[in-house]
Amino acid sequence: MALTPKDVLAALAPFKTARGIKPLKAGYIQDIAVEPHADGLHINIHVDDAWQGVAVEDSDRETLSSFVKRRFSDVGEVRVIPRSKEQANAARKIAKPGPTSPRVPAGVKMIAVISGKGGVGKSTISINLAHAIADLGWRTAVLDCDIYGFSVPDLLELTEPVKMNGRQFVPPRVHNLEVMSMKFFVDHNAPVMWRGPMLGKAIRQMMEDTLWNAPEYMVLDLPPGTGDIAMDVHNYFPNAAAILVTTPDANAARVAERAGQMARSLDRRLLGVVENMSYMNCPECEHRWFPLGRGGAESVAESLDIPVLAKVPWVVIGEAGSAGLVPDGHTAQEIYRFLARTIEQMDLMPTEQLTAQG
Ligand SMILES: Nc1ncnc2c1ncn2[C@@H]1O[C@H](COP(=O)(O)OP(=O)(O)OP(=O)(O)O)[C@@H](O)[C@H]1O
Ligand SMILES: [Mg+2]
């Protein structure tokens, strides 16, 4: 299982300094962050800068750091960082995602599609999964959370513009899906330059100012990576369960593992891993190729202790009915149906009742 800040906190209980101070019991531990890095997980522990009225000593920081390292052998680095209570409060105010989290319609089961590496097929999986869920009879929406690299409307060959109803957006419908994307609000392929607060505002507006038709499932196509932007978008939807997309190669799998660990450190439920571009079927014989190698999904599944939910084959250009949806009768269609049924049975928590706007 991936390490969470709670695990680290629990492990700190018995720690004692040479002077007999127990920083956890004394309330000196401010917060703990677990971050995936190339050399393994890094743990940052923020502590009060004074313990029993005396500036925290380097030797105490070192013994605390080695104590945690001994306890979690696969951790790359443990840093113990002293900070005043004022600094801690200021940092909490900035970091707190709560007030910026958009309100989500009631009764929606949210599925975030995430990966570490770009281009592994998150958007393709998002729309095909959403389409298969809609085919099972559920009202389904897709929210393109990739503000900078939106692609959902193009993959669905959606040309209809957003209509307005008063001050609200009416989401276009295509293939039985309601869709909302930044693409509807920017000029032809003009780069979107929004950062930080504006990014949150854009996502919040797309979620809150849209007249959704009471969706029962909403698939969130997330931006790639484990950097600040991906982290921010994760924070907006803490209750969405996630599926992790990888390709079969070890490189993509390693990055997917890091993204999975990041999601875990945010306490997100990981439903499982979907391997895309797993194999290619010969159109004329029974032969199956593995152009990107094999084993990516299994390696991610094993390291995060999650199931492999599906392996999606290559869909050769020209076979596809539209840019992104697999054509009727293609073997990949059956795989997406199976994935949708698996997720349907996974007992996802619907969002809570929407509270009146304050
Ligand atoms: N199973 C597949 N067979 C063939 N081509 C695929 C398959 N899955 C995705 N692709 C193609 O690979 C490219 C990347 O896919 P997609 O845009 O879905 O990835 P992504 O992870 O969302 O990328 P980004 O990180 O840029 O958002 C697209 O051109 C898509 O059509
Ligand atoms: Mg994408």
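Residues numbered from 1 in each chain as written. Chains lettered and ligands numbered in written order. Predicted model: local features only at pLDDT ≥ 70, side-chain atom pairs only at ≥ 80, totals over all residues.

Considering the overall build of the chain
No. 1: Of regular secondary structure, the chain possesses 10 helices and 17 strands.
No. 2: Relative to its 358 residues, the chain shows a buried fraction of 40%.
No. 3: A sequence separation of at least 24 residues applies to 76% of the contacts in the chain between residues at least 6 apart. (Helix = DSSP H or I, 4+ residues; strand = E, 2+ residues; numbered from the N terminus. Buried ≥ 20, exposed ≤ 12 C-beta atoms within 10 Å, placed from the backbone. Contact = placed C-beta atoms within 7 Å.)

A few points about unusual backbone geometry
No. 1: The phi torsion at Glu157 lies on the positive side, around 50°, for a residue other than glycine.
No. 2: Along the chain, the position of Glu157 falls in the loop between helix H5 (152-155) and strand E8 (163-165).
No. 3: Residue classification places Glu157 among the partly exposed positions, given that 13 C-beta atoms sit within 10 Å.
No. 4: If you check the backbone angles, Asn176 has positive phi at about 70° while not being a glycine.
No. 5: By the element assignment, Asn176 lies in the loop between strand E10 (173-174) and strand E11 (177-180).
No. 6: Look at Asn176 and you get partly exposed, because 14 C-beta atoms sit within 10 Å.

Details of the nonpolar core
No. 1: Ranked by size, the top nonpolar core spans 78 residues in total, and within it Ile111, Ala112, Val113, Leu220, Ala242, Leu244 and Leu339 carry the most contacts.
No. 2: Those residues in contact with Leu339 that sit more than four places away from it in its chain are Leu129, Ala132, Val274, Leu309 and Ala310.
No. 3: Formed by 12 residues, the second largest nonpolar core is a distinct cluster that contains Leu41, Val47, Leu64 and Val68. (Core = buried A, V, L, I, M, F, W, Y, C linked by C-beta atoms within 7 Å.)

A closer look at the site of ligand 1
No. 1: In the neighbourhood of ligand 1, 18 residues make up the surrounding shell, with Gly118, Gly121, Lys122, Ser123 and Thr124 lying closest.
No. 2: With three residues, helix H4 (residues 122-135) is the largest single contributor of residues to the shell around ligand 1.
No. 3: Residue composition of the shell around ligand 1, by class: six nonpolar, 10 polar and two charged. (Near = placed C-beta within 6 Å. Nonpolar A, V, L, I, M, F, W, Y, C, P; charged D, E, K, R; others polar.)

Section: the sheet that holds strand E14 (residues 270-276)
No. 1: Here we have eight strands laid out as an open sheet, ordered E10-E11-E7-E12-E6-E13-E14-E17, and mixed in their pairing. Edge strands, defined here as strands with exactly one partner in the open sheet, are E10 and strand E17 (308-312).
No. 2: Strand direction decides the pairing type here: strand E6 (residues 109-114) and strand E12 (residues 217-221), joined by five bridges, are parallel. For Ala112, the partnering residue across the bridge sits in E12 and is Leu220.
No. 3: On top of the sheet, helix H9 (residues 296-304) reaches strand E13 (241-246), E14 and E17; it is set at about 165° to E14, its chief contact.
No. 4: Strands in contact with helix H10 (residues 331-344) are E6, E14 and E17; relative to E17, the strand with the most contacts, it is inclined by about 165°. (Pairing = 2+ DSSP bridges. Axes fitted to C-alpha atoms, helices over the stretch in contact; angles between N-to-C directions.)

Looking at the packing of H4 against H10
No. 1: It is the contact of H4 with H10, at a shortest axis distance of 8 Å, that shows an interaxial angle of 70°. Taken together, the axes of H4 and H10 lie roughly perpendicular to each other. The two elements H4 and H10 meet at a crossing, and its hand is right-handed. Along its contact with H4, which presents Asn128, Leu129, Ala132, Ile133 and Asp135, the element H10 presents Tyr336, Arg337, Leu339 and Ala340.
No. 2: Class assignment for the residues of the contact of H4 with H10 results in six nonpolar, one polar and two charged. (Parallel < 35°, antiparallel > 145°, perpendicular 65-115°, else oblique. Left-handed = near helix turned anticlockwise from the far one by under 90°.)

Observations regarding the pairing of E11
No. 1: Along E11, one buried face is formed by Leu177 and Val179 and the opposite face, lined by Glu178 and Met180, is buried too.
No. 2: Alignment of strand E7 (residues 140-144) against E11, held across four bridges, turns out to be parallel. Directly across from Val142, in E11, lies its bridge partner Val179.
No. 3: Where E10 meets E11, two bridges bridge the pair, whose relative direction is antiparallel. Its bridge partner being in E11, Val174 is matched across the sheet by Leu177.
No. 4: The turn linking E10 back onto E11 is made up of two residues, and His175 within it adopts a positive phi angle of 45°.

Let's talk about helix H2 (residues 58-71)
No. 1: The first and last C-alpha atoms of H2 sit 20 Å apart over 14 residues, in line with the 20 Å expected at 1.5 Å per residue.
No. 2: Next to the buried residues of H2 lie helix H1 (5-12), strand E2 (40-48) and strand E5 (75-83). (Expected span 1.5 Å × (residues − 1).)

Here we look at the environment of Gly295
No. 1: Note that Gly295 resides in the loop between strand E16 (288-289) and H9.
No. 2: Spatially, the C-alpha atoms of Gly295 and Asp249 are 7.1 Å apart, while their sequence positions differ by 46 residues.

Some thoughts on the environment of Asn235
No. 1: Position of Asn235 among the secondary structure elements: in helix H7 (residues 228-236).
No. 2: Classification of Asn235 by C-beta neighbours within 10 Å gives partly exposed; the count is 17.

Re the confidence of the model for the chain
No. 1: Put simply, the chain has an average pLDDT of 86, and 88% of its residues get 70 or more.
No. 2: Looking over the chain, one finds the lowest element-wise mean pLDDT in helix H3 (residues 85-95), namely 68, and the highest in E17, namely 98.
No. 3: When the criterion is pLDDT under 50, residues 353-358 qualifies, and its contacts beyond four places in sequence or with other chains add up to four contacts. (pLDDT = per-residue confidence, 0-100.)

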